[in-house]
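# Structural features, examined
In case you want the letters, here they are:
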Amino acid sequence: MFDCGALDIEGLGAFYTWTNGQNWNHLVREKLDRVICSVGWVAQFFKTGSKNYPIRHSDNSAIVLNTMMDSAQIKAPFRYLDTWNMDENRHKVIHEAWQQIFRGYHSFVLCSKLRCTVAALSKWNKECFGICRKKLDHLESLLTEVQNWTPSLENTQLESALLLEIDEIEARQEAIWKQKSRELWLKEGDRNSRFFHASIIVRRKKNFIWAVSEDGNHWLEDRDLVVDYFRSKFIESYSSLDPVLSDELFTMNSP
């Protein structure tokens, strides 16, 4: 399905979406009904999710599509991007951040330097790499203008310089999307950022915990309730000198 340019928006709730409604010895249940969308659409509405309701008055379950299902703001963890290795300024950014002076225990100094370095790299990345798309649009517009000029040695040299800079920016974008998507089987040189973007969205949706349930019937969908549930379980498990992890933590149903 993905090879054909389509994605399955897996639903929260009931797993089976169709039944033949027969007695238990002839009962058949299948996951037939799905929400299918194109790569371009899910890239436009990346917070989309769906919910499958129980089968009641029909052979099919009702499916509700919500384009803002994933509305929570989650801060992504810091990761060193391979594309930074293309820029020599990374050494200067890391060196200046690491030279900051902190006093205290060695562990405190180390953690403080690491936080300072992370902040410096994040700021540098946003200023130098975060505007790639805007800069690329500007360079392509300028390249079009230069190619419409009367041919000359200066214009040809300027055109060559613009082409090199565009190739460099596209290589940076490709490296960023490739690392984030974790798709390693693509051929070198493919700059299909649309594919990379879709791969990231699909992986994040698969890893995202939409809801939790202890018995498969009652679901906790609100993010604060889910957090409180896990927090209470861990506090309960580690509140004694001889903690015992309950088996229910490993047998919870997933939607």
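Remember, predicted model here, so these are calculated numbers, not experimental data.

### Digging into the overall build of the protein
- Scanning the protein from N- to C-terminus turns up seven helices and nine strands.
- Taking all 255 residues of the protein together, 27% fall into the buried category.
- When contacts within the protein are restricted to residue pairs at least 6 apart in sequence, long-range pairs at least 24 apart make up 50% of them.
- About 18,200 Å² of surface is accessible on the protein, with carbon and sulfur atoms providing 55% of the total.

### Quick notes on the sheet that holds strand 7 (residues 63-66)
- The mixed open sheet is built from three strands, whose spatial order is 2-6-7. Whereas interior strands pair on both sides, the edge strands pair on one side only; in this sheet they are strand 2 (11-13) and strand 7. If you compare each strand with its neighbour and ignore which way they point, the axes differ by 30° on average.
- Looking at chain direction, strand 2 and strand 6 (residues 49-52) are connected through three bridges and run parallel. Residue glycine 13 lies in a different strand from strand 6, and its bridge partner there is asparagine 52.

### Concerning the side chain of threonine 117
- Within the fold, threonine 117 resides in helix 3 (residues 106-128).
- Judged by its relative accessible area of 10%, threonine 117 is buried.
- In this structure the side chain of threonine 117 is engaged in a polar contact, spanning 2.8 Å, whose partner is the backbone oxygen of lysine 113.
- Not counting chain neighbours up to four residues away, the residues in contact with threonine 117 comprise Ile94, Ala97 and Trp98.

### Quick notes on the side chain of arginine 90
- The residue arginine 90 is located in helix 2 (residues 89-98) in this model.
- Within the local environment of arginine 90, its side chain forms a polar contact with the side chain of histidine 91, the two groups lying 3.1 Å apart.
- If near-sequence neighbours (up to four positions away) are discounted, arginine 90 is found in contact with Tyr80, Trp84, Asn85 and Trp124.

### Structural notes on the packing of aromatic side chains
- Scanning the entire structure with this criterion turns up six aromatic pairs.
- Centre to centre, the rings of tyrosine 80 and tryptophan 84 are 5.0 Å apart; their planes meet at 85°, and the pair counts as edge-to-face.
- Of the aromatic side chains, those joined through ring pairs into one cluster are Phe78, Tyr80, Trp84 and Trp124.
- One Lys or Arg, lysine 31, reaches over the ring of phenylalanine 15 and ends 5.5 Å from the middle of that ring.

### Re helix 7 (residues 223-237)
- Its 15 residues give helix 7 an end-to-end C-alpha distance of 21 Å, which sits within 8% of 21 Å, the value for a rise of 1.5 Å per residue.
- Where helix 7 is concerned, the buried positions are Val226, Tyr229, Lys233 and Ser237. Around the axis of helix 7, the buried residues are gathered within 60° of arc, so they sit on the same side. Of the residues in helix 7, the exposed ones pointing more than 90 degrees away from the buried face are Asp224 and Ile235.
- The inward-facing, buried residues of helix 7 abut strand 8 (212-213) and strand 9 (219-220).

### A word on the environment of glutamate 96
- Within the secondary structure, glutamate 96 sits in helix 2.
- Residue class for glutamate 96 comes out partly exposed when judged on its relative accessible area of 45%.
- Spatially, the C-alpha atom of glutamate 96 lies 8.4 Å from that of threonine 117, the residues being 21 residues apart in sequence.

The rules we used
Residues numbered from 1 in each chain as written. Predicted model: local features only at pLDDT ≥ 70, side-chain atom pairs only at ≥ 80, totals over all residues. Heavy atoms only, no water. Helix = DSSP H or I, 4+ residues; strand = E, 2+ residues; numbered from the N terminus. Buried < 20%, exposed > 50% of the residue type's maximum accessible area, 1.4 Å probe, protein only. Contact = heavy atoms within 4.5 Å. Areas by Shrake-Rupley, 256 points an atom, 1.4 Å probe, with all protein chains shown as cover. Pairing = 2+ DSSP bridges. Axes fitted to C-alpha atoms, helices over the stretch in contact; angles between N-to-C directions. Polar contact = N/O pair within 3.5 Å; in protein donor to acceptor, adjacent residues only side chain to side chain. Phe/Tyr/Trp six-rings, centres within 6.5 Å; stacked < 30°, edge-to-face > 60°. Lys NZ or Arg CZ within 6 Å of the ring centre and 35° of its normal. Expected span 1.5 Å × (residues − 1). Arc of directions from axis to C-beta.

Function-wise, these values are silent; they only describe arrangement.
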